[in-house]
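# Summary of structural features
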Amino acid sequence: MKLSPINGSLNTRCQANNNKNNTNAKYNSNQPKFKGGIDTLTKFWQFVDKGGRALQFTVEDMGGTNIPRSIKGAFAGYEYTHEINIPALLQEGIREFLTGPTMCIAPVAILAIANRLTGKTANTHMENIINLSYIMDSLPKETISKEAFENKFYTNAVKDLLEHTIGKQTDASSIEKLTQAIKEYSSADKKSAAKMLDNIQTLFEQIVKSQKENYKDSNFLVAKYSIDSTKEGATKFKNYVDYITSYAKDYSKKFSTSNNLVKITNDTINSFKKSWLGKRFVTAASMFFITGVLMSYIPKIYTWASGGVNPNASAIYDEAKKNDKEAK
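Residues numbered from 1 in each chain as written. Predicted model: local features only at pLDDT ≥ 70, side-chain atom pairs only at ≥ 80, totals over all residues. Heavy atoms only, no water.

### Structural notes on the overall build of the protein chain
Put simply, the rule reads: Strands here mean DSSP runs of E at least two residues long; helices mean DSSP runs of H or I at least four residues long; both are numbered from the N terminus. Three exposure classes are used, based on accessible area relative to the maximum for each residue type with a 1.4 Å probe and protein chains only: buried under 20%, partly exposed in between, and exposed over 50%. In what follows, a contact means two residues having at least one pair of non-hydrogen atoms within 4.5 Å.
The helix and strand inventory of the protein chain stands at 12 helices and four strands. Per-residue burial for the protein chain yields a buried fraction of 31% across its 328 residues. Of the contacts made within the protein chain by residues no fewer than 6 positions apart, 65% connect residues no fewer than 24 positions apart.

### Section: helix α6 (residues 126–137)
Basically, it comes down to this: Expected span of a helix: the number of residues minus one, times 1.5 Å.
Compared with an ideal rise of 1.5 Å per residue, which puts 12 residues at 16 Å, α6 spans 17 Å between its outermost C-alpha atoms and is within 8% of the ideal. Of all the residues in α6, the buried ones are N128, I129, N131, L132, S133, I135 and M136.

### Thoughts on the packing of helix α8 (residues 172–186) against helix α10 (residues 237–254)
The line we're drawing: Geometry is summarised by axes, namely lines fitted to C-alpha atoms with helices restricted to the contacting stretch, and by angles between N-to-C directions that run from 0 to 180 degrees. Angle categories: roughly parallel below 35 degrees, roughly antiparallel above 145, roughly perpendicular from 65 to 115, and oblique for all the rest. Crossing handedness: left-handed means the near helix sits turned counterclockwise from the far one by under a right angle, and right-handed means the same turn made clockwise.
Where α8 meets α10, the axes come as close as 10 Å, and the angle between the chain directions of the two elements is 65°. Judged by the inter-axis angle, α8 sits roughly perpendicular to α10. Both α8 and α10 take part in a crossing whose hand is right-handed. Note on element contacts: α10 touches α8 through F237, V241, D242, T245 and K249, opposite L178, I182, Y185 and S186.

### Notes on the pattern of salt bridges
The condition that has to hold: The rule for a salt bridge is simple: a side-chain nitrogen of Lys or Arg has to be within 4 Å of a carboxyl oxygen of Asp or Glu.
What the rule picks out here adds up to five salt bridges. Taking the shortest distance from any N to any O, the salt bridge between K141 and D137 comes out at 3.8 Å. Note on D137: relative accessible area 40%, which makes it partly exposed. Between D198 and K238 there is a salt bridge, with the nearest N and O atoms lying 2.5 Å from each other.

### What to know about the pairing of strand β3 (residues 232–236)
We apply this condition: Criterion used throughout: strands pair if DSSP finds at least two bridges between them.
Across five bridges, strand β2 (residues 222–226) lies against β3 in antiparallel orientation. Looking at β3, one finds that V222 is bridged to K236. Between β2 and β3, which follow one another and run antiparallel, lie five residues.

### Let's talk about the packing of aromatic side chains
The test is simple: Geometry of aromatic contacts follows a simple scheme: Phe, Tyr and Trp rings, the Trp one being its six-membered ring, pair when their centres are within 6.5 Å, and the pair is stacked under 30 degrees between planes, edge-to-face over 60, tilted otherwise.
Overall, the coordinates contain 12 aromatic pairs when judged by the stated rule. On the numbers, 4.1 Å between centres and 10° between planes, the contact of F204 with F237 is stacked. Here F204, found in helix α9 (residues 190–211), pairs with F237, found in helix α10; they are 33 residues apart in sequence, far enough to count as distant. In this structure F204 comes out as buried when scored by relative accessible area, which is 0%. Among the residues examined, F237 registers a relative accessible area of 0% and is labelled buried. Their ring planes at 20° and their centres at 4.8 Å tell us that Y225 and Y240 sit as a pair that is stacked.

### Considerations on unusual backbone geometry
Backbone geometry at N260 places phi at a positive 65°, although glycine is not the residue there. Tracing the sequence through the fold places N260 in the loop between α10 and β4 (261–263).

### A short note on the packing of α9 against α10
Basically, it comes down to this: Amino acids outside the nonpolar list (Ala, Val, Leu, Ile, Met, Phe, Trp, Tyr, Cys, Pro) and the charged list (Asp, Glu, Lys, Arg) are all regarded as polar, and Gly is one of them.
Where α9 contacts α10, the axes come no closer than 10 Å and their chain directions differ by 115°. As far as their axial angle goes, α10 and α9 are roughly perpendicular. The handedness of the crossing between α9 and α10 comes out as right-handed. Between α9 and α10, the contacting residues are L197, D198, I200, Q201 and F204 on the first element and F237, K238, V241 and D242 on the second. Split into classes, the residues belonging to the contact of α9 with α10 amount to five nonpolar, one polar and three charged.

### Structural notes on the side chain of T165
One can find T165 in helix α7 (residues 146–166). A relative accessible area of 9% means that T165 is categorised as buried. Filtering out sequence-adjacent residues up to four positions away, T165 remains in contact with F204, V208, K212, V222, A223 and K224.

### Here we look at a positive patch on the surface
Rules: Note on patches: the residues involved have over 30% relative accessible area and no salt bridge, like charges join within 9 Å, and the nonpolar side chains Val, Leu, Ile, Met, Phe, Trp and Tyr join within 5 Å. Areas reported as accessible are Shrake-Rupley estimates using a 1.4 Å probe. Residue values count occlusion only from the protein chains shown. Charge convention: Lys and Arg are scored as positive, Asp and Glu as negative, and His as well as the terminal groups of each chain are ignored. Working definition for charges: the position is that of NZ of Lys, CZ of Arg, CG of Asp or CD of Glu.
A cluster of basic residues, R116, K120, K146, K190 and K249, forms a positive patch on the protein surface. The topology assignment puts K249 in helix α10.

### Quick look at a nonpolar patch on the surface
Taken together, I67, I71, F75, Y78, I84, I86, L89, L90 and F97 make up a surface patch of nonpolar side chains, about 770 Å² in accessible area. Contributions of two or more residues to the nonpolar patch are made by α3 (52–74) and α5 (86–117). Ranked by the residues each element gives to the nonpolar patch, the list is headed by α5, at four residues. Residue placement: F75 occurs in the loop between α3 and α4 (78–81).

Set out below in structure tokens:
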């Protein structure tokens, strides 16, 4: 049996690896690099995603219905007239470009007005008004400073959401970290609030991952909480942070004494809950009713703009009449 030198074998293998790497490098260099248009498209959809549901809906509505239907209207009857159907273009364009924005903008505008006139809790779901009132009820019934009130309320709310999300008791350090982050967010200006909320979301995810034994199917964008002593609810974590801070601000504003102390009693908690459940119901009903009324005027506008006829079919009717005359 012939023995080969070890160094020779190593050199042979190294040379083979080098050849393989060079071949891979040449192959990779010949592959198309998806930049330019793909990068621009990716950035565009990332921008749309960050813009929230309003921007997402607008883009979907424009690309899916508004523009295609307007173009379709413009060419209605073109095979007969060989002309752009301006009345049909106006009808389709007005209907589509008014319907989507009205459905999207009107409720948002109504909610913004409600927030300004009544308070930020107007944007809190009814379930969460009940849920946060239940958490408030666990606080000692006393009159304390605004800072002490916020510390206790935020701590209780954070403890509740972490324990329900993780499924077990949470260590004091995690509760303190998340509570402090939410307190800082509650007093932040609009410019830095969005970035801070992203950081709080990341902190929440880290805490859940570090303490939950099995998070295979966990949704780290969702927080769970107690509705009462037996029921549990869930909503988007970022929304819940806003609900918590809005509730605390509106409660302390309503039940502050002349020397800036906050009253916590069974009566004030129940009064706040009933008041805001009523306001939330009125806000939701107003959003539905006013949007419906505005939508009812859109057909009148596009019918007026198209001359009171159906311009999509008028060319076909004209052509049918023409053929009928020629046949006679």
